[in-house]
Amino acid sequence: MKLNLDIQPLSSWITPVNQPLLIAGPCSAETEDQLVATAHLLKATGKVTALRAGIWKPRTRPGEFEGIGSIGLEWLKRAKAETGLPTAVEVATAKHVEEALAAGVDILWVGARSTANPFTVQEIADALKGVDIPVMVKNPVNPDISLWIGALERINNAGVKKLAAIHRGFSSYEKSAFRNEPMWDIAIHMKTLAPHLPIICDPSHISGNRDLIPYISQKALDLDMQGLMIESHIDPSVAWTDAKQQVTPAALATLVSNLTLRKPET
Ligand code: PEP
Ligand code: MN
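Remember, it's a predicted structure, so these values are computed and weren't measured experimentally.

Definitions and cut-offs
- Residues numbered from 1 in each chain as written.
- Chains lettered and ligands numbered in written order.
- Predicted model: local features only at pLDDT ≥ 70, side-chain atom pairs only at ≥ 80, totals over all residues.
- Helix = DSSP H or I, 4+ residues; strand = E, 2+ residues; numbered from the N terminus.
- Expected span 1.5 Å × (residues − 1).
- Buried ≥ 20, exposed ≤ 12 C-beta atoms within 10 Å, placed from the backbone.
- Arc of directions from axis to C-beta.
- Contact = placed C-beta atoms within 7 Å.
- Axes fitted to C-alpha atoms, helices over the stretch in contact; angles between N-to-C directions.
- Parallel < 35°, antiparallel > 145°, perpendicular 65-115°, else oblique.
- Left-handed = near helix turned anticlockwise from the far one by under 90°.
- Pairing = 2+ DSSP bridges.
- pLDDT = per-residue confidence, 0-100.
- Nonpolar A, V, L, I, M, F, W, Y, C, P; charged D, E, K, R; others polar.
- Right-handed = clockwise from strand over helix to strand, strands pointing away.

(A) Region of interest: helix α2 (residues 71-83). With 13 residues, α2 extends 19 Å between its outermost C-alpha atoms, agreeing within 8% with the 18 Å of an ideal straight helix rising 1.5 Å per residue. Where α2 is concerned, the buried positions are G72, L73, W75, L76, A79 and K80. Projected down its long axis, α2 carries its buried residues within an arc of 160°, all on one side. Among the exposed residues of α2, those oriented more than 90 degrees off its buried face are I71, E74, A81 and E82. Contacts from the buried residues of α2 go to α1 (32-45), β2 (50-52), β3 (87-90) and α3 (94-102). One or two positions beyond α2, positive phi appears at G84, with a value near 80°.

If you want it as structure tokens, here you go:
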């Protein structure tokens, strides 16, 4: 089986400032100062191509921080105006899509909990009809490649051609070193089904722990993934979400400098 996705190459919609392609930023936008200051430090590394920040956060259980909401779009606008970094946010409803588009967000992504729900994905896809914006689709929380494929197809069927997949690992009931099992074979399978589909790895959500991020990042590059999305916070120790897995912009720069890129084929 091959997937019949009608997509444009990654190079037509994003130009990496450095190799590997790196999308970085806080798990959550918390305050205007935190987001803008983090963006400046990330920009200063010279390694970051786009700024990520979650403003609508689908939490597995209630009672935790569920995102700063629409005001975060204004902060992203400021971060972009001051640093020149294109911005990326997670969207989980049609309203999120409309608001993000109206605010000039550059890249949208669908989160792992949304990818697991075809009605949600279809709602997002319908809101994207006729809109030319890059969309990245995270794998679903559960290790079901069909749900991942289905979500990519729904978004592509809506006319989105600037499409990428994000590998962020899979939930497991077993205890493991990882927050989400990488199950690399699923990402490899996706590559064989859709050789032209860019796959970006999210080592932060696979690891759940900043110490593992270098190993996961290197493995992703060794498997020829096209980029990395890594969570970075100006002060991870006080982060409102995913504190254990976030890295400072300085640590991110070191981590990325230590990665070995795959040699181009001669
Ligand atoms: C995130 O990117 O912060 C996030 C919530 O990720 P995921 O959807 O992969 O859990
Ligand atoms: Mn996160």
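(B) Region of the structure containing the packing of α1 against helix α10 (residues 249-257). It is at 9 Å that the axes of α1 and α10 come closest, and there the two elements cross at 25°. The orientation of α1 relative to α10 falls into the category roughly parallel. As α1 runs across α10, the sense of the crossing is right-handed. Of α10, the residues touching α1 (which contributes T38, L41, L42 and T45) are P249, L252 and A253.

(C) Spotlight on the sheet that holds strand β7 (residues 199-201). As summarised here, the arrangement of the eight strands in space is β1-β2-β3-β4-β5-β6-β7-β8, forming a closed barrel in which the pairing is parallel. With strand direction ignored, the average angle separating the axes of adjacent strands in the sheet is 30°. Note that strand β4 (residues 107-110) and strand β5 (residues 135-138) share three bridges and pair parallel. Residue W109 lies in a different strand from β5, and its bridge partner there is M136.

(D) Quick peek at unusual backbone geometry. Of note, the bond from Q19 into P20 is cis; its omega dihedral lies within 30 degrees of zero at -5°. Secondary-structure assignment places P20 in the segment before β1 (21-25). One non-glycine residue with positive phi stands out, namely M183, at about 40°. Note on placement: M183 falls in the loop between β6 (163-167) and α7 (184-193). A residue is classified by how many C-beta atoms lie within 10 Å of it, and M183, with 18 of them, is partly exposed.

(E) Up close: the confidence of the model for the protein chain. For the protein chain, per-residue confidence averages 97 on the pLDDT scale, and 99% of positions sit at 70 or higher. Per the prediction output, this complex has pTM 0.97; the corresponding ipTM is 0.99.

(F) Representation of the packing of α1 against α2 in the model. In contact at an axis separation of 9 Å, α1 and α2 are set at 30° when each is read in the N-to-C sense. Looking at the two axes, α1 sits roughly parallel to α2. The two elements α1 and α2 cross, and the hand of that crossing is right-handed. In this structure, α1 uses E32, L35, V36, A39, H40 and K43 to contact α2, whose residues at the interface are W75, R78, A79, E82 and T83. Residues belonging to the contact of α1 with α2 are distributed by class as follows: five nonpolar, two polar and four charged.

(G) The pairing of β5, seen in detail. Because side chains alternate across β5, one face comprises the buried residues V135 and V137, and the other comprises M136 and K138, equally buried. Considered for its hand, the β-α-β crossover made up of β5, helix α6 (residues 145-157) and β6 is right-handed.

(H) Looking closely at the environment of H96. The residue H96 is located in helix α3 in this model. Taking the C-alpha atoms as reference points, H96 and W56, separated by 40 residues in sequence, lie 8.1 Å from one another. Leave out the neighbours within four places in its chain, and H96 touches W56 and V91.

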